[in-house]
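# Report on the structure
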Amino acid sequence: MRKLLYLTFSMALVAALTTYAMWAADRPVGHYLSDLRINLAVDQGTPADRGNLLGIQPELFPTDYQSPERLHRKLAAYLQKAQDQGLLNEKTIVVLPEHVGTWLMVSGEKDELYQASTLKEAMNWLAASNPLQFVRALIGATGTNRLDDAHLRMKAKSMAKDYQALFGGLAKEFHVTLVAGSIVLPEPSVIDGNLKIGRGALYNSSVVFGRDGLPIGQPQRQMHPIFDEQDTLAANTEHTVNVIDTPAGRLGILIGSDSWYPDNYRKLDEQGAQLVAVPAFVVGHGTWDKPWRGYKGASTPGSVSLKAGELSEGQAWHRLTLIAQPPSSQAIAGMSVFLRGQFWDKGSAGQSFLSSNGQHSADGDTRGARLLNLWL
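What you see is a predicted model; the values in this text were computed from it and never measured.

### Description of the overall build of the protein
Within the protein, the regular secondary structure consists of nine helices and 19 strands. Expressed as a percentage of the 376 residues in the protein, the buried residues total 53%. Across the protein, the fraction of contacts at a sequence separation of at least 24, relative to all contacts at a separation of at least 6, is 70%. Surface summary for the protein: the accessible area is close to 16800 Å², and the carbon and sulfur share equals 55%.

The structure is reproduced here in structure tokens:
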């Protein structure tokens, strides 16, 4: 009797594991319909042969990331609209928002993940659908929030590959220099023209792709992750700021709140930066108009007189970021581009803006995808 029970239990266990393995491997592709429209919100300056900065503030949702092909379709539609309006040329620098590449972590997943009501539920589906990858990542996870670390790390290799293929492909397809927002990867670096990952800490990083589709220089790692991310993301403790040569001039990139630190602009000035791109992301509906929370866990630079709560989040971004208050930067122009959309229960609130000649120009309408153009 005992042997029979043992045999029955073993068969049931094998059947359950087989069913689970088949379920985890199944990746059905559901119906997809996304809004490909984008409006030109700001068009400043006069067309000339010096090129332009073109910010694309996309409106994205989890289903846009169901495959790299779907995300390409949407971003390519935005770029095609810009091309149709005469905004693309060989000296155009396109700027995309922070974390536009990070969400590639949910690419190629099951329908249940995209239909989840909360980010936590979606991450549970991500782990359940990729058990071996998740367990391996969890074993090697670091920091106080090991689950978030594992979620970000478990598909890093495929994320890096998709990121380069997608954004490098767009740069080559439209013959532009493209600041590919940012992506969270473990110790990213460019080796022999390919974006590679390491085994160390996770960094929020930005890669610039040239008109040939290849990376220019090394990834710019974020120096000052906000406190929401400090338990998971490492800071670029070397405080290295990269400046690269582009057809439109020397370009520096400051990711998110890195743009709040005056010392970073000094470092850009020392390297002759003429242009500044700021990929950014503000989480939460209405956050843009809520009281600014200060430097979010980090000490306030001595040269900054602003205090938390005395102005709104949006006002703080306009006061601290880019080149609105000379001589804080010697760059001639800059652009801050925010990611918009709804990622499960996490909304977004940033409003993109550009800076030139000491003045900001912003798009006050938060609805839909937006183009911001600045002729140099």
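From this point on, the discussion continues.
### Side note on the pairing of strand β15 (residues 333-338)
By the criterion of burial, β15 is predominantly enclosed, with six of the six residues buried. A two-sided burial pattern is seen for β15, the buried positions comprising Ala333, Met335 and Val337 on one face and Gly334, Ser336 and Phe338 on the other. Sheet analysis places strand β14 (residues 275-280) next to β15, joined by six bridges and oriented parallel. Residue Leu275 lies in a different strand from β15, and its bridge partner there is Ala333. One ladder, built from four bridges, connects β15 with strand β17 (residues 353-356); its direction is antiparallel. Note on β17: the bridge partner recorded for Ser336 is Phe353.

### A word on the environment of Leu254
The residue Leu254 is located in the loop between β13 (249-253) and α8 (262-270) in this model. The exposure class of Leu254 is buried, given its relative accessible area of 0%. Taking the C-alpha atoms as reference points, Leu254 and Ser205, 49 residues apart in sequence, are found 9.8 Å from one another. Excluding residues within four positions of it along the chain, Leu254 makes contact with Met223, Val241, Ser259, Asn264, Tyr265, Leu268, Val276, Ala277, Val278 and Pro279.

### Topic: the sheet that holds strand β18 (residues 359-362)
Spatial ordering of the open sheet is given by β12-β13-β14-β15-β17-β18, a layout of six strands whose pairing is mixed. Both edges of this open sheet fall to β12 (243-246) and β18, since each of them pairs with a single strand only. Within this sheet the neighbouring strands show an average axis-to-axis angle of 20 degrees, counted without direction. Relative to β14, β13 runs parallel, the two being bridged by three bridges. Its bridge partner lying in β14, Leu251 is registered against Leu275.

### A look at the pattern of salt bridges
This model, assessed by the stated rule, comprises nine salt bridges. A salt bridge links Arg266 to Asp263; the shortest N-O distance between them is 2.6 Å. Of this pair, Arg266 and Asp263 both sit in helix α8, three residues apart, which is roughly one turn of that helix. Its relative accessible area of 38% is what places Arg266 among the partly exposed residues. On the basis of relative accessible area, Asp263 is assigned to the partly exposed category, the value being 36%. Put simply, Asp263, Arg266, Lys267 and Glu270 are held in one network by salt bridges that share partners.

### What to know about the confidence of the model for the protein
Should pLDDT be low for a region, the predicted coordinates there are not to be read in detail. Summing up the model confidence of the protein, the mean pLDDT is 87 and the portion of residues at 70 or higher is 86%. Counted against residues more than four places away or in other chains, residues 12-23, with its pLDDT under 50, gives seven contacts.

### Side note on the pairing of strand β9 (residues 202-206)
The element β9 is extensively covered by neighbouring structure, given that five of its five residues are classed as buried. Of the two faces of β9, the one carrying Leu202, Asn204 and Ser206 and the one carrying Tyr203 and Ser205 are both buried. Direction of pairing for strand β6 (residues 183-186) relative to β9: antiparallel, over a ladder of four bridges. Among the inter-strand pairings, Leu185 is bridged to a residue of β9, identified as Tyr203.

### A few points about empty space enclosed by the protein
Counted by the stated rule, this structure contains one cavity of 30 Å³ or more. Here the largest cavity defines a volume of roughly 60 Å³. Lining the largest cavity are Ser206, Val207, Val208, Ile216, Gln218, Gln220, Asn242, Ile244, Leu251, Gly252 and Ile253. Element by element, the count of residues in the lining of the largest cavity is highest for β13, at three residues. Here the lining of the largest cavity is composed, by residue class, of six nonpolar, five polar and no charged.

### Digging into the nonpolar core
Grouped together as the largest cluster of nonpolar side chains are 60 residues, with contacts concentrated most on Tyr65, Tyr163, Phe167 and Leu170. With nine residues, helix α7 (residues 156-174) is the largest single contributor of residues to this core. Discounting chain neighbours no more than four positions away, the residues touching Phe167 are Leu75, Leu96, Val100, Gly101, Leu178, Ala180 and Phe209. If you look at the next biggest cluster of nonpolar residues, it comprises 27 residues, including Tyr261, Tyr295, Leu320 and Ala331.

The rules behind the values
Residues numbered from 1 in each chain as written. Predicted model: local features only at pLDDT ≥ 70, side-chain atom pairs only at ≥ 80, totals over all residues. Heavy atoms only, no water. Helix = DSSP H or I, 4+ residues; strand = E, 2+ residues; numbered from the N terminus. Buried < 20%, exposed > 50% of the residue type's maximum accessible area, 1.4 Å probe, protein only. Contact = heavy atoms within 4.5 Å. Areas by Shrake-Rupley, 256 points an atom, 1.4 Å probe, with all protein chains shown as cover. Pairing = 2+ DSSP bridges. Axes fitted to C-alpha atoms, helices over the stretch in contact; angles between N-to-C directions. Salt bridge = Lys/Arg side-chain N within 4 Å of Asp/Glu carboxyl O. pLDDT = per-residue confidence, 0-100. 1 Å grid on protein atoms, 1.4 Å probe; cavity = no way out; pocket = protein on both sides within 12 Å on 5 of 7 lines; lining within 4 Å. Points joined across faces, edges and corners; volume = space filled by probe spheres on them. Nonpolar A, V, L, I, M, F, W, Y, C, P; charged D, E, K, R; others polar. Core = buried A, V, L, I, M, F, W, Y, C linked by side-chain atoms within 4.5 Å.

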